[in-house]
Amino acid sequence: MAGAEWIDAGRHGDTTSGIGSRVVAMRRREEVLPPEALRRVRDVGHADIVVGIPSCNNAATIGHVVRAVHAGLTKYFPGLRCTVLNSDGGSRDETREVVRSTRLGDADLLLLSHPLFPIHRLTVPYDGIPGKGSAFRCIFRAAELLGARACAVVDSDLRSITPEWMQLLIAPILEHGLDYVAPYYLRHKYDGTITNAFVYPLTRSLYGVRVRQPIGGDFGISARLASHYLTREVWESDVARYGIDVWMTTTAICERFTVSQAFLGAKIHDAKDPGADLASMLVQVLGTMFTLMETYEDVWVPLEGSSEVPLVGFRFDVGLEPIAVDRERMIRHFRGGMTDLKAIWEMVVNPSDLAELEKLASVEAREFRISPDIWARVVYDLACAFHHRVMDRDHLLRSSLPLYIGWVASFVEETRDSTAADVEARLERLCLAFESQKRYLIRRWFAGTAAA
Amino acid sequence: MGDTIRTVVEQAWQQFQAQMVSVLPHVMAALIVLAVGIVFGAIVNRVAAWLLKASQFDRRFLRLGLFAFLERIGISSSSAFAARVLQGAIVFVAAIFALYALDARLASDLAERFLLYLPHLLVGLVILGAGAILARFLARSVLIAAVNNEMRAGRLLSGLTRTGVMVVAVAVACEHLGIGRATVQTGFAILFGGVTVAAAIAVGFGTQDVVRRWLAGLLEPSKREDGGDTIHHW
């Protein structure tokens, strides 16, 4: 009944004092779950663990994810009530049907102890802005209603998820009282380039914690943190889309929740929503990060350097699927940006770095390199231009796509023959550049834009 | 005959002299007022720009979040813009003074007509201003989208967008001000029709390869793995 106590405590906490609390309490009465989802959640009644799987047209992979989650909960939490909730964004394929029909045969598992309770499986649509964040909101609300003590979310496009992921994401919360478990994967060097170019270095240099996969997509969350997320006024913004992962990680760090990482092995997944526009994804992620920089200005400005975040799980090496890259095309994209968007970049990037980037546009492909210091300053210039609103924010973020593609081209060239360890060492140098250039960021942040 | 001609010429000259004597001081005064206004305006512009820069007006303006608005209409420095507005106001006031010095009745008449026309003029200016903002915004959107989609004609498309929006804005403003209504309407119709046809042809030619590839993709969706870019950005 710990879950029920938690709900009561939360409600009392919201209504005891303060206008802000009353607003939160009023907002909670506006139910975020659609009626169908609400009815089905109430039918379940109570759960100790809720595992959420957001989806949109993932019929090809979600069956494997559901089986792995089911097996993990059966194997590692046999004495607890568990619910698997698929929050679907209007799939036009068989995704929801696959979730309902997927079966885990008893022969698939050799169990030392058998589960005391059946695992409930719900597949419900969500309301609100179409996107992963809205799906998460639905999952968190269901977890709150069910009185769950721990919640985990996993992507529905995963091909490498194993039952052990459930234990690694949930056990630190139930057994050690942690609030947020971020994933730590082994990924191909050309996988997760937005993380490597922006999210990891920026999160680390700003907030002083080395969370390697801040937008990994698979997280463990405590009840009180899930409840805290629900009270925030962000669900109509880019957070409701691809900004959700970085928002969750940053909020957990900045609001002093206990954060750790879980080593999950390899991450092999389908390309993220092939229909999605890369520029829009970049806008949502960067826009959320830069907005959070404004929200948590008093947190990141005084911080210097960074520290490790505890990592649970047994580390091992794995083979990874190769990823093909068309570097020439990326460089052409960057050059196109330099030709046509230079006037915009002049308003954002400091003149000396822009001159260096302009030189790059005319060099041979094999000499195409963007140094860590220049890249760190360019990212900081983007953040400052966003902060000072030197132009329409959507234009600013969209115009950064060729710069990012240029960085990827440079990274691919630098790491062409590198091992995974070499690549990590190179990313470590990039992060150190971000940390050493932080004074530059603070100066620009408070002084004005690069062009001003 | 000769005397008559001489008398007429002398009378004309005397009348001219008399007119000149009465008008010239007004003209001179008007020119002096205008010149002083222009010089004073230029000085005020320089001084104001210097003072505003020294007081970090740009940075304060930036913090108000109004820079993006000015930037949209092509103004990169708020202090320079404010100084120029001040200069324009001084020159405008000087011009009115000059007009009064020239002919008070004419100036009064002009001022009255101007005041009657002023609301139309202001609305026309607002239409033009809104058109300029929209043109700049859409042109930049088109340019960025074209670059991000690796299209080579980004600047051309952006320029066409800007021109198209401004043509519409100017036509609407002229229509509102009552300037050459029929001519503007006819010209606009011809231009708009021409641009539409040209754009349709250009898009048709430009996208035939895209359409071909799209159709090929529809027919053979499984042949995507051609060794191209499969990088996972996320």
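For the structure itself, look to the data block above.
A few points on the structure. Everything numeric here is computed off the predicted structure, so don't read it as measured data.

## Focus: the overall build of chain A
Item 1. The helix and strand inventory of chain A stands at 20 helices and ten strands.
Item 2. When each of the 452 residues of chain A is scored for burial, the buried share is 60%.
Item 3. When the accessible area of chain A is evaluated, it comes to approximately 17,700 Å², of which 52% is carbon and sulfur surface.

## Remarks on the side chain of Ser87(A)
Item 1. For Ser87(A), the position within the fold is in strand β2 (residues 82-88).
Item 2. Setting aside its immediate chain neighbours within four residues, Ser87(A) contacts Ile53(A), Pro54(A), Ser55(A), Val124(A), Tyr126(A), Ala135(A), Cys138(A) and Ile139(A).

## A short note on the sheet that holds strand β7 (residues 219-222) of chain A
Residue and element names in this part refer to chain A.
Item 1. Reading across the sheet, the eight strands line up as β3-β2-β1-β4-β7-β5-β8-β10 and stay open at both edges, with mixed pairing between neighbours. A strand with exactly one partner marks an edge of an open sheet, and here the two such strands are β3 (120-125) and β10 (311-312).
Item 2. In the sheet, strand β8 (residues 259-266) pairs with β10 via two bridges, with the strands oriented parallel. Note on β10: the bridge partner recorded for Gln261 is Leu311.

## A closer look at unusual backbone geometry
Item 1. One non-glycine residue with positive phi stands out, namely Arg256(A), at about 60 degrees.
Item 2. With respect to the helices and strands, Arg256(A) occurs in the loop between α10 (244-254) and β8.
Item 3. The exposure class of Arg256(A) is exposed, given its relative accessible area of 69%.
Item 4. Residues other than glycine seldom take positive phi values, yet Glu150(B) does so here, at roughly 55 degrees.
Item 5. Summarising the element assignment, Glu150(B) is placed in the loop between α5 (104-148) and α6 (154-177).

## Details of a nonpolar patch on the surface
Residue and element names in this part refer to chain B.
Item 1. Residues Trp13, Phe16, Met20, Leu24, Met28, Leu31, Ile32, Val36 and Phe40 make up a contiguous nonpolar surface patch of roughly 880 Å² in combined accessible area.
Item 2. Inspection of the secondary structure assignment puts Met20 in helix α1 (residues 2-54).
Item 3. On the basis of relative accessible area, Met20 is assigned to the partly exposed category, the value being 31%.

## Structural notes on the packing of helix α3 (residues 35-44) of chain A against helix α6 (residues 132-146) of chain A
All names here are of chain A.
Item 1. Remark: α3 packs on α6, axes separated minimally by 9 Å, with the N-to-C direction vectors making an angle of 35 degrees. Viewed along their axes, α3 and α6 form a crossing whose handedness is right-handed. Judged by residue contacts, Leu38, Val41 and Val44 of α3 engage Ala142, Leu145 and Leu146 from α6.
Item 2. The class makeup of the residues in the contact of α3 with α6 is six nonpolar, no polar and no charged.

Criteria and cut-off values
Residues numbered from 1 in each chain as written. Chains lettered and ligands numbered in written order. Predicted model: local features only at pLDDT ≥ 70, side-chain atom pairs only at ≥ 80, totals over all residues. Heavy atoms only, no water. Helix = DSSP H or I, 4+ residues; strand = E, 2+ residues; numbered from the N terminus. Buried < 20%, exposed > 50% of the residue type's maximum accessible area, 1.4 Å probe, protein only. Areas by Shrake-Rupley, 256 points an atom, 1.4 Å probe, with all protein chains shown as cover. Contact = heavy atoms within 4.5 Å. Pairing = 2+ DSSP bridges. Patch = residues over 30% accessible without salt bridge, like charges linked within 9 Å, V, L, I, M, F, W, Y side chains within 5 Å. Salt bridge = Lys/Arg side-chain N within 4 Å of Asp/Glu carboxyl O. Axes fitted to C-alpha atoms, helices over the stretch in contact; angles between N-to-C directions. Left-handed = near helix turned anticlockwise from the far one by under 90°. Nonpolar A, V, L, I, M, F, W, Y, C, P; charged D, E, K, R; others polar.

What is shown is where atoms sit, not what they do.
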